[in-house]
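Structure assessment
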Amino acid sequence: MLYAMIAEMHPDVAVARSLSRPAHLARLEELKAAGRLVLAGPFPAIDAVDPGPAGFTGSLIVAEFDTQQAAQAWADNDPYVKAGVYANIIAKPFLHVLP
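A tally of regular secondary structure across the chain gives three helices and four strands. Element order for the chain, N to C, with α for helix and β for strand: β-α-β-β-α-α-β. Computed over C-alpha atoms, the radius of gyration of the chain comes to 13 Å, within 12% of the 13 Å expected from 2.2 N^0.38 for 99 residues, which places it in the range of a compact globule. Burial analysis of the chain (99 residues in total) assigns 32% to the buried set. The long-range share in the chain, meaning contacts at least 24 apart out of those at least 6 apart in sequence, stands at 73%. Computing the positive centroid from 7 side-chain charges and the negative centroid from 10, the chain places the two 4 Å apart.

Below, the structure is given as structure tokens:
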């Protein structure tokens, strides 16, 4: 089943985010290589493709897992969690309807 992992970032974490981003992206690449990643990306803090110093407020990851518990466990072990970038992250069941 698909799960949407919705994360909110702590404010003022640009340095911690940039330091932990390679490990965060590597985990997403593993999901992609396994054919389990549907989409992933951050929420800009302002209405812009490049928010500059405004940064980001969180992230969305949609991926396939066997159970909600497995999705939450994966989310809880994200490098952004370990680095204190994410204030919280929750995995919710997601039904892909369109397109």
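There's more to say after this.
Right, let's talk about the pattern of salt bridges for a bit. Under the criterion given, the structure shown has one salt bridge. Between D78 and R27 there is a salt bridge, and its shortest N-O distance comes to 3.6 Å. Linking D78 in the loop between α2 (68-76) and α3 (79-82) with R27 in helix α1 (residues 14-33), this pair joins segments that are 51 residues apart in sequence. The exposure classification of D78 matches that of R27, with both residues buried.

Calculation criteria
Residues numbered from 1 in each chain as written. Predicted model: local features only at pLDDT ≥ 70, side-chain atom pairs only at ≥ 80, totals over all residues. Heavy atoms only, no water. Helix = DSSP H or I, 4+ residues; strand = E, 2+ residues; numbered from the N terminus. Rg over C-alpha atoms; globule rule 2.2 N^0.38 Å. Buried < 20%, exposed > 50% of the residue type's maximum accessible area, 1.4 Å probe, protein only. Contact = heavy atoms within 4.5 Å. Lys, Arg positive; Asp, Glu negative; His and termini not counted. Charge placed at Lys NZ, Arg CZ, Asp CG, Glu CD. Salt bridge = Lys/Arg side-chain N within 4 Å of Asp/Glu carboxyl O.

By themselves these figures say nothing about function.
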